[in-house]
Amino acid sequence: MSTTLSKESTKLGLIGLGLMGSRFLRRLNAEGWNVRGWNRSRDAILPLKKYGLQIEETLSGLVGKSEVLLSSLADDNAVRAVYFGENSVFANVQPQTIILEMSTISPDLSALLHREAAKRGANLLDLAVSGSTPAVEAGTVTLFAGGEPEIFNRCVPVFESIARQWYLMGPATAGIRMKLVVNLLLGIGMEAIAEAVSLGEHLKLDLDLLLDVLPKTAVVAPAFSGKFLKIKNGDYSPQFPLHLMSKDMNLAQSAAHQCKVELPAGRAAAAVLNGALAEKGALDISSIASPASTLAGRHNDNQGNCKPGHIVSPVNATAAA
Ligand code: NAP
């Protein structure tokens, strides 16, 4: 394989065509890369074929034909299923293949992938993605990588096609560790917004106005600006599903536990997200702040006056459930 990856000569293969992977496939294809995709279930594939995207029927076929593999899978279980076993990535990968592992998984599993790739002469980067589906469509995600600088530098042409910025955070697993740091903030931030909306409702503020004004203040991070319109419209179609946010908060808690560090706000936010899984797991994370759920915790009298000490935050509501 040539030193620099190029649209003209490098064959890319994308494993996992869910919310993120399907959009990465479309974006790479639109940017002129020779890219093929594979997905476990067929439901996700049919609409992509309509866009003229190249889909490989088998995982082994995709791995065998690709010089660079990108994978975007749900969680540790999905990654284990795809990388290990009979028709898996590691059963078929060729030496010198570059693997860009973009799923948000545990650092322990990421370390195992690095070791197994190295045994086969393949080059793996953990390449965590910050930014949701609108950012993938716009090519504005942020990438956090862990691995060898030489491999990272060779992949820059791919990064340029999908991301606004990319950082080599350190050796193997540094990218995924950084992702847990970032998503800890995301999870706590979304839960904090849910509480703020709840308080606004209890204080009898005009909810539409509150949802218009809050994202214009300096205290709301850009990652949440699009969420206010979703809450206002009651449109909880998933960009980042709540079950994946919950998974990431649990990964952050496990990582913190391993390093013997306490994350009290993270623990509280994780409890809220985990508590909402059964009802809202498939919905967007913004559903945690839906007025319906915050209204469920309403403890004000009929004149719109809050009873002192009875504002029920989502944290308390979940703990009480
Ligand atoms: P998604 O829509 O749920 O897609 C998950 C993908 O994993 C699908 O292709 C699914 O295949 C596959 N999968 C699940 N279990 C599998 C198994 N046992 N064997 C093989 N394939 C399996 O999730 P997503 O939103 O695209 O997220 C993908 C990854 O990116 C996750 O790790 C997530 O945390 C991370 N991420 C997501 C966002 C976001 O905003 N959505 C942002 C940053 C990072 P099937 O279609 O067959 O189920």
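Quick caveat, the model's predicted, so the values are computed rather than measured.

### Remarks on the confidence of the model for the protein
Do not read the fine detail of predicted coordinates wherever pLDDT is low.
Inference 1: Looking at the protein as a whole, the pLDDT averages 90, with 90% of positions reaching at least 70.
Inference 2: Between residues 293-321, whose pLDDT stays under 50, and residues either more than four places distant or in other chains, the model counts 44 contacts.

### With respect to the pattern of salt bridges
Inference 1: Tallying each qualifying case throughout the model produces 15 salt bridges.
Inference 2: With its nearest N and O atoms 2.7 Å apart, the salt bridge here joins arginine 36 to glutamate 56. In this pair, arginine 36 sits in strand β2 (residues 34-38) while glutamate 56 sits in the loop between β3 (54-55) and α3 (59-65), placing the two residues 20 residues apart along the sequence.
Inference 3: For glutamate 56, a relative accessible area of 8% puts it in the buried group.
Inference 4: Through salt bridges that share partners, Lys7, Arg27 and Glu31 make up one connected network.

### Observations concerning the domain arrangement of the protein
Inference 1: Domain annotation of the protein identifies domain 1 (11-171) and domain 2 (178-320).
Inference 2: One C-alpha centre belongs to domain 1, the other to domain 2, and the line joining them spans 30 Å.
Inference 3: Domain 1 puts 16 residues into the contact, and the matching count from domain 2 is 13 residues.
Inference 4: Note on domain 1 versus domain 2: buried area summed over both sides is about 1100 Å², and carbon and sulfur give 68% of it.
Inference 5: When the area that domain 1 buries against domain 2 is broken down by residue, the three leading residues are Leu19, Thr104 and Phe144, summing to 38%.
Inference 6: Inspection of the region where domain 1 meets domain 2 yields zero salt bridges.
Inference 7: At the junction of domain 1 and domain 2, the tally comes to five residue pairs in polar contact (both at pLDDT 80 or more).
Inference 8: Going through the elements one at a time, α6 (107-119), β6 (123-130) and α7 (133-138) are the ones with two or more residues in the side of domain 1 that touches domain 2.
Inference 9: By residue class, the composition of the side of domain 1 that touches domain 2 is nine nonpolar, five polar and two charged.

### Remarks on the packing of helix α10 (residues 174-202) against helix α14 (residues 264-280)
The relative placement of two packed helices is expressed as an angle between their axes plus a distance between the axes.
Inference 1: Axis separation between α10 and α14 bottoms out at 9 Å; the angle between their running directions is 65 degrees. Here α10 and α14 pass one another in a crossing that is left-handed. Contacts between α10 and α14 involve Leu184, Gly187, Ile188 and Glu191 from the first element and Ala265, Gly266, Ala269 and Val272 from the second.
Inference 2: Tallied by class, residues from the contact of α10 with α14 come to five nonpolar, two polar and one charged.

### Notes on the packing of helix α13 (residues 242-258) against α14
Inference 1: α14 packs onto α13 with a crossing angle of 145 degrees between their chain directions and a minimal axis gap of 9 Å. Here α13 and α14 pass one another in a crossing that is left-handed. On α14, the residues that touch Leu242, His243, Met245, Ser246, Met249, Asn250 and Gln253 of α13 are Gly266, Arg267, Ala269, Ala270, Leu273, Asn274, Ala276, Leu277 and Lys280.
Inference 2: Split into classes, the residues belonging to the contact of α13 with α14 amount to eight nonpolar, six polar and two charged.

### So, the nonpolar core
Inference 1: Phe24, Leu28, Leu70, Leu100, Leu143 and Phe159 are the most contacted members of the largest nonpolar core, which has 35 residues in total.
Inference 2: Residues Val220, Phe224, Phe240 and Leu273 belong to the second largest nonpolar core, which totals 27 residues.

### With respect to the packing of aromatic side chains
Inference 1: Tallying each qualifying case throughout the model produces four aromatic pairs.
Inference 2: Summarising the aromatic geometry, the rings of phenylalanine 159 and tryptophan 166 are spaced 6.2 Å apart at their centres and angled 50 degrees between planes, so their arrangement reads as tilted.
Inference 3: A relative accessible area of 0% means that phenylalanine 159 is categorised as buried.
Inference 4: For tryptophan 166, a relative accessible area of 25% translates into the label partly exposed.
Inference 5: Through a chain of ring-to-ring contacts, three or more aromatic side chains come together here, namely Tyr83, Phe84 and Phe90.
Inference 6: Here the guanidinium or amino end of arginine 26 rests over the ring plane of tyrosine 51, the centre of that ring lying 3.7 Å away.

### Considerations on the site of the ligand
Inference 1: The environment of the ligand is formed by 24 residues, the closest being Asn39, Ser41, Leu73, Ser132 and Lys247.
Inference 2: Between the ligand and the protein, one listed contact pairs an oxygen atom with a backbone N or O atom of alanine 74 at 3.0 Å.
Inference 3: Within the side chain of lysine 247, one N or O atom sits 2.7 Å away from an oxygen atom of the ligand.
Inference 4: The protein chains hide 86% of the 900 Å² of surface that the ligand would expose on its own.
Inference 5: Those elements giving two or more residues to the shell around the ligand turn out to be α1 (19-30), α4 (76-83) and α13.
Inference 6: Here the element with the most residues in the shell around the ligand is α4; it accounts for three residues.
Inference 7: Taken domain by domain, the makeup of the shell around the ligand includes at least three residues from each of domain 1 (11-171) and domain 2 (178-320).

### Considering the pairing of β6
Inference 1: Within β6, eight of the eight residues are buried, which leaves it mostly tucked inside the rest of the structure.
Inference 2: Neither face of β6 is left uncovered, since the one carrying Asn123, Leu125, Leu127 and Val129 and the one carrying Leu124, Asp126, Ala128 and Ser130 both have all their residues buried.
Inference 3: Pairing of strand β5 (residues 98-101) with β6, which is carried by four bridges, proceeds in the parallel orientation. By the bridge assignment for β6, isoleucine 99 is matched with leucine 124.
Inference 4: Tracing the backbone out of β5, into α6 and back to the parallel element β6 gives a crossover that is right-handed.
Inference 5: Where β6 meets strand β7 (residues 141-146), five bridges bridge the pair, whose relative direction is antiparallel. Of the residues in β7, the one forming a bridge with serine 130 is threonine 142.

Criteria and cut-off values
- Residues numbered from 1 in each chain as written.
- Predicted model: local features only at pLDDT ≥ 70, side-chain atom pairs only at ≥ 80, totals over all residues.
- Heavy atoms only, no water.
- pLDDT = per-residue confidence, 0-100.
- Contact = heavy atoms within 4.5 Å.
- Salt bridge = Lys/Arg side-chain N within 4 Å of Asp/Glu carboxyl O.
- Helix = DSSP H or I, 4+ residues; strand = E, 2+ residues; numbered from the N terminus.
- Buried < 20%, exposed > 50% of the residue type's maximum accessible area, 1.4 Å probe, protein only.
- Domains from an automatic or database assignment.
- Buried area = accessible area lost by both parts, 1.4 Å probe.
- Polar contact = N/O pair within 3.5 Å; in protein donor to acceptor, adjacent residues only side chain to side chain.
- Nonpolar A, V, L, I, M, F, W, Y, C, P; charged D, E, K, R; others polar.
- Axes fitted to C-alpha atoms, helices over the stretch in contact; angles between N-to-C directions.
- Left-handed = near helix turned anticlockwise from the far one by under 90°.
- Core = buried A, V, L, I, M, F, W, Y, C linked by side-chain atoms within 4.5 Å.
- Phe/Tyr/Trp six-rings, centres within 6.5 Å; stacked < 30°, edge-to-face > 60°.
- Lys NZ or Arg CZ within 6 Å of the ring centre and 35° of its normal.
- Near = heavy atom within 4 Å.
- Areas by Shrake-Rupley, 256 points an atom, 1.4 Å probe, with all protein chains shown as cover.
- Pairing = 2+ DSSP bridges.
- Right-handed = clockwise from strand over helix to strand, strands pointing away.

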